[in-house]
Amino acid sequence: MHDAQDPLRSLFREAASAGRSGAVLPPVSVIARRGEQVRRRRIVSVAAACLLVLGGSSAAVAALLPHDPGPTLPATTPSPRPPSPSATSPDSPPTPVRTSTSPGPPPATATSQPDTSTTPTSRRPPQ
């Protein structure tokens, strides 16, 4: 078969001419902008990789170093002490006060301390 009468040949020539007319180079500014975007992405990815390597290596070094834990502190502060049982509550009646001026022994209380005058070093402060 002769090439001049081949029906596909004319179709290929039409496609080639359409391709040549559509194959136009973009302006230099567009090419430069694309190149700048690629360069920025590359710099960001290299910086992120460096940060990951630095963070991982510092965590590994910190895990390998011996560390002495300090004294452990309580998670919360201790609660205040409850009032002593000898203190009067607002619901109980007030204790009568002596108004006489005559000297005498003090009135005995239910929570009096035992006499420890024989051993002065074992005295406890009043509560």
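Before reading further, recall that the structure is shown in the block above.
Here the structure is a predicted model, which means the values were calculated and not measured.

In terms of helices and strands, the protein chain carries two helices and zero strands. Classification of the 127 residues of the protein chain by burial places 1% in the buried group. Carbon and sulfur atoms make up 64% of the accessible area of the protein chain, which amounts to about 12,500 Å² in all.

Further remarks concern the pattern of salt bridges. When charged atoms on two side chains of opposite charge get close, those side chains can pair. Following the criterion strictly, the structure yields two salt bridges and no others. The salt bridge involving Arg39 is made with Glu36; its shortest N-O contact spans 2.5 Å. Of this pair, Arg39 and Glu36 both sit in helix α2 (residues 28-64), three residues apart, which is roughly one turn of the helix. For Glu36, the salt bridge goes to Arg40, with nearest N and O atoms at 3.7 Å. Of this pair, Glu36 and Arg40 both sit in helix α2, separated by four residues, roughly a single helical turn. The class of Glu36 is partly exposed, set by a relative accessible area of 28%. A network of salt bridges, in which partner residues are shared, links Glu36, Arg39 and Arg40.

We now examine a nonpolar patch on the surface. Nonpolar side chains collect at one region of the surface, where Leu8, Leu11 and Phe12 lie side by side and expose about 340 Å² of accessible area between them. Among the secondary structure elements, Leu11 is positioned in helix α1 (residues 7-22).

The rules we used
- Residues numbered from 1 in each chain as written.
- Predicted model: local features only at pLDDT ≥ 70, side-chain atom pairs only at ≥ 80, totals over all residues.
- Heavy atoms only, no water.
- Helix = DSSP H or I, 4+ residues; strand = E, 2+ residues; numbered from the N terminus.
- Buried < 20%, exposed > 50% of the residue type's maximum accessible area, 1.4 Å probe, protein only.
- Areas by Shrake-Rupley, 256 points an atom, 1.4 Å probe, with all protein chains shown as cover.
- Salt bridge = Lys/Arg side-chain N within 4 Å of Asp/Glu carboxyl O.
- Patch = residues over 30% accessible without salt bridge, like charges linked within 9 Å, V, L, I, M, F, W, Y side chains within 5 Å.

In short, geometric facts, not functional conclusions.
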